[in-house]
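Close look at the chain arrangement
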Amino acid sequence: MDGNNNLNEGEEEEQRKPTNLPGLYKGVVDSISSLQKGAKDPQKIISEGLVAVEKAIYFLQQLGVFSDNEEYTEHSTLSLRYLALPYLHGELLSRRFVQGDRAIRDRERIKSSTKARQLFQQYLQNLLDMELPFADRNALEYYIKAAPGSRRDRDAKMVHFNALKTTKATVAELEEAMKLAGMVDEDDDDNDVVRGYCLSILHQYMLQAIDQIEMLGTEISMLQHVVKERMEGGELPTREEMMRQQKQAGKKPEPPMVLTSDMVKKMSASGRSINRSNFQLLSAGYGPIGAPTMSLEQFADMEMAQAREAQEREKEAERNKVEVDPDSEEGSIVKTYELRERDAWRDEHKAGEGNRYNRG
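Since the structure is predicted, the reported quantities are computational estimates derived from the model, not experimental observations.

Below, the discussion takes up the overall build of the chain. Summing up its helical and strand segments, the chain has 14 helices and zero strands in all. Secondary structure elements of the chain, listed N to C terminal, follow the sequence α-α-α-α-α-α-α-α-α-α-α-α-α-α. Counting all 360 residues of the chain, 30% fall into the buried class. Considering only intrachain contacts with a sequence separation of at least 6, the fraction spanning at least 24 residues in the chain is 65%. Put simply, the chain shows about 25300 Å² of open surface, and 50% of that area lies on carbon and sulfur atoms.

Pasting the structure below:
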C-alpha cells in the first residue's frame, strides 16, 4: 500500500509539472528565485530547473518564435521575455556543483562553467541581433569575444555597478506599479508598463551576464591551472596565490621611474631628505612613517569594535539618565553644578592656549 501511495504521489507530482512554454518559463524563474533565497536542497532545484529550461528552449525552437533579421519591436511582450532563456540556463549551470573526488569535481566544474559562460555570451549576442535599445554593440562584442581570465579595469567596473544598481531600482519600481494596478505580465501583454518591466528585466540580465562572464572566466582559468598542476604532479598553489597571479596577469607594467633629490624631499612630511634605501617603501604609498602595522581587514575590525563599544556606552548612559525638571529645585541644583564645572575648566584652560599656529 505504501509503495502504491508513493507511486501515486510521484505520478501526481509529474502531472503537476508544466508542459507548455509559459509554464516552463515560470518554473525556471521560480527555481532561480528559490536559489537566491537560500533553498534547503539547491542541487535538486538546479537539476529540476535545468530539465525545465531545456524543455522550454526545445519548445521555443520548435515554435520558431524568433528568426533572423527581426527586431524586438516586431515581438509581443509575452514572446520577448523568452529571450532570457539562455541567461536563465546559464544561471542554473553556473550554480551546479558535482560531489566526489576533487579531480572529477574540478573537471566537471570546468565543463559546467564553460557551458554557462557560453550561454551568457549567447544571450548577449541575441540582444544584439534583436537590436534592443540598451544593447551597446561595442561593449557587448567585447564580452562575447572575451577569453577566460579577461578582467575589466576599476573605472569600467564602477560604471557597470552604477548601471546595474539603477536598472534594479527601475525593475523594483515597475514591479511595484504593476502590483498596485493589478497587472500581470501574462495577461496585460500590450500594456506599456508591462513591456517596460520586461525590457528592464532583460537589461538587468544583460548586466548580470557580463559579471558572470568575467567571474566564470576567472574561475575557469584558475581551475585549468589546478588541473594542469595536478597532472604534472607539481605542488598545487593556494587560493591566495592563484588570485594574486590573476591580478598580476591583468596588471599593466609600470613605466620606469627616474629618482631625483626633489622627488625624495617631496615625499617627506618634514621637507628634509630621506634615506634612499627606504624609497621603495615610500613609493609604495606608505609615506615616511614606514610600513603598515595591520591589514585593512584588521583595521576595519578594530574600528567596528570601537563603534560597538561607543554605542554600548551611549545606551548605558541613556538607560541611567534621569529626567529632571529644569524649573524644580533639583533642576536648579544640577544647573549650578554644571556651571561650576564649566568655570573650573575655564580657570585651568586659558583662551587660545590650544592654538599653536602663527606664533612666530
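Once the structure has been displayed, the description carries forward.
Per the stated rule, a full pass over the model turns up six salt bridges. The residue Lys26 makes a salt bridge to Asp30 at a minimum N-O spacing of 3.1 Å. Of this pair, Lys26 and Asp30 both sit in helix 2 (residues 21-36), four residues apart, roughly one helical turn. Judged by its relative accessible area of 46%, Lys26 falls in the partly exposed class. The partly exposed category is assigned to Asp30, whose relative accessible area is 36%. Taking the shortest distance from any N to any O, the salt bridge between Glu214 and Lys157 comes out at 3.7 Å.

Leu85, Leu88, Tyr123, Leu124, Leu132, Leu202 and Met206 are the most contacted members of the largest nonpolar core, which totals 55 residues. Broken down by secondary-structure element, the contributors of at least two residues to this core are helix 2, helix 3 (42-63), helix 5 (85-94), helix 6 (102-129), helix 7 (137-145), helix 8 (154-181) and helix 9 (192-232). Examining the composition of this core, we find that 13 residues originate from one element, helix 9, more than from any other. When residues no more than four places from it in sequence are discounted, the contact partners of Leu202 are Leu80, Leu83, Ala84, Tyr123, Leu127 and Phe134.

For His89, the location among the structural elements is in helix 5. Given a relative accessible area of 8%, His89 falls into the buried group. Ignoring anything within four residues of it in the chain, the contact list for His89 reads Leu50, Val53, Glu54, Ile57 and Leu119.

Quick look at the packing of helix 8 against helix 9 now. Contact geometry for helix 8 and helix 9: axes closest at 9 Å, N-to-C directions at 150 degrees. One element, helix 8, and the other, helix 9, form an angle in the roughly antiparallel class. At the point where helix 8 passes helix 9, the crossing takes the left-handed sense. Considered class by class, the residues forming the contact of helix 8 with helix 9 number 11 nonpolar, eight polar and five charged.

A word on the packing of aromatic side chains. Counted according to the given criterion, the structure contains six aromatic pairs. Geometrically, the ring pair formed by Tyr58 and Phe59 is tilted, given 6.1 Å between the ring centres and 50 degrees between the ring planes. Under the relative-accessibility criterion, Tyr58 is labelled partly exposed at 47%. Residue classification places Phe59 among the partly exposed residues on the basis of a relative accessible area of 27%. With a centroid separation of 5.0 Å and 80 degrees between ring planes, the pair formed by Tyr142 and Tyr143 is classed as edge-to-face.

This part takes up the environment of Met206. Relative to the helices and strands, Met206 resides in helix 9. Residue classification places Met206 among the buried residues on the basis of a relative accessible area of 4%. A C-alpha to C-alpha distance of 8.2 Å links Met206 and Tyr87, two positions 119 residues apart in sequence. Residues within four places of Met206 in sequence aside, it is in contact with Tyr123, Leu124, Leu127, Phe134, Ala135 and Leu140.

Unlike most non-glycine residues, Glu131 shows phi in positive territory, near 55 degrees. Relative to the helices and strands, Glu131 is located in the loop between helix 6 and helix 7. We classify Glu131 as partly exposed; its relative accessible area is 45%.

Before going further, it helps to spend a moment on the environment of Tyr58. Along the chain, Tyr58 falls in helix 3. Linking Tyr58 and Leu21, residues 37 residues apart in sequence, is a C-alpha distance of 9.3 Å.

A few words on helix 2. Taking 1.5 Å of rise per residue, the 16 residues of helix 2 would be expected to cover 22 Å, and the 23 Å separating its terminal C-alpha atoms lies within 8% of that figure. Here helix 2 has its buried residues at Leu21, Gly23, Leu24, Tyr25, Val28, Ser31, Ile32 and Leu35. Looking at the buried residues of helix 2, the elements they touch are helix 3 and helix 5. Taking the backbone nitrogen of Gly23 as reference, a side-chain oxygen 2.9 Å away marks Asn20 as the first, capping residue of helix 2. After helix 2 finishes, the residue Gly38 shows a positive phi value of roughly 90 degrees.

In this model, the chain carries a mean pLDDT of 76, and residues with pLDDT of at least 70 account for 72%. Helix 5 holds the highest mean pLDDT among the elements of the chain, 91, whereas helix 12 (residues 279-286) holds the lowest, 48. Counted against residues more than four places away or in other chains, residues 267-274, with its pLDDT under 50, gives 12 contacts.

Parameters and conventions
Residues numbered from 1 in each chain as written. Predicted model: local features only at pLDDT ≥ 70, side-chain atom pairs only at ≥ 80, totals over all residues. Heavy atoms only, no water. Helix = DSSP H or I, 4+ residues; strand = E, 2+ residues; numbered from the N terminus. Buried < 20%, exposed > 50% of the residue type's maximum accessible area, 1.4 Å probe, protein only. Contact = heavy atoms within 4.5 Å. Areas by Shrake-Rupley, 256 points an atom, 1.4 Å probe, with all protein chains shown as cover. Salt bridge = Lys/Arg side-chain N within 4 Å of Asp/Glu carboxyl O. Core = buried A, V, L, I, M, F, W, Y, C linked by side-chain atoms within 4.5 Å. Axes fitted to C-alpha atoms, helices over the stretch in contact; angles between N-to-C directions. Parallel < 35°, antiparallel > 145°, perpendicular 65-115°, else oblique. Left-handed = near helix turned anticlockwise from the far one by under 90°. Nonpolar A, V, L, I, M, F, W, Y, C, P; charged D, E, K, R; others polar. Phe/Tyr/Trp six-rings, centres within 6.5 Å; stacked < 30°, edge-to-face > 60°. Expected span 1.5 Å × (residues − 1). Polar contact = N/O pair within 3.5 Å; in protein donor to acceptor, adjacent residues only side chain to side chain. pLDDT = per-residue confidence, 0-100.

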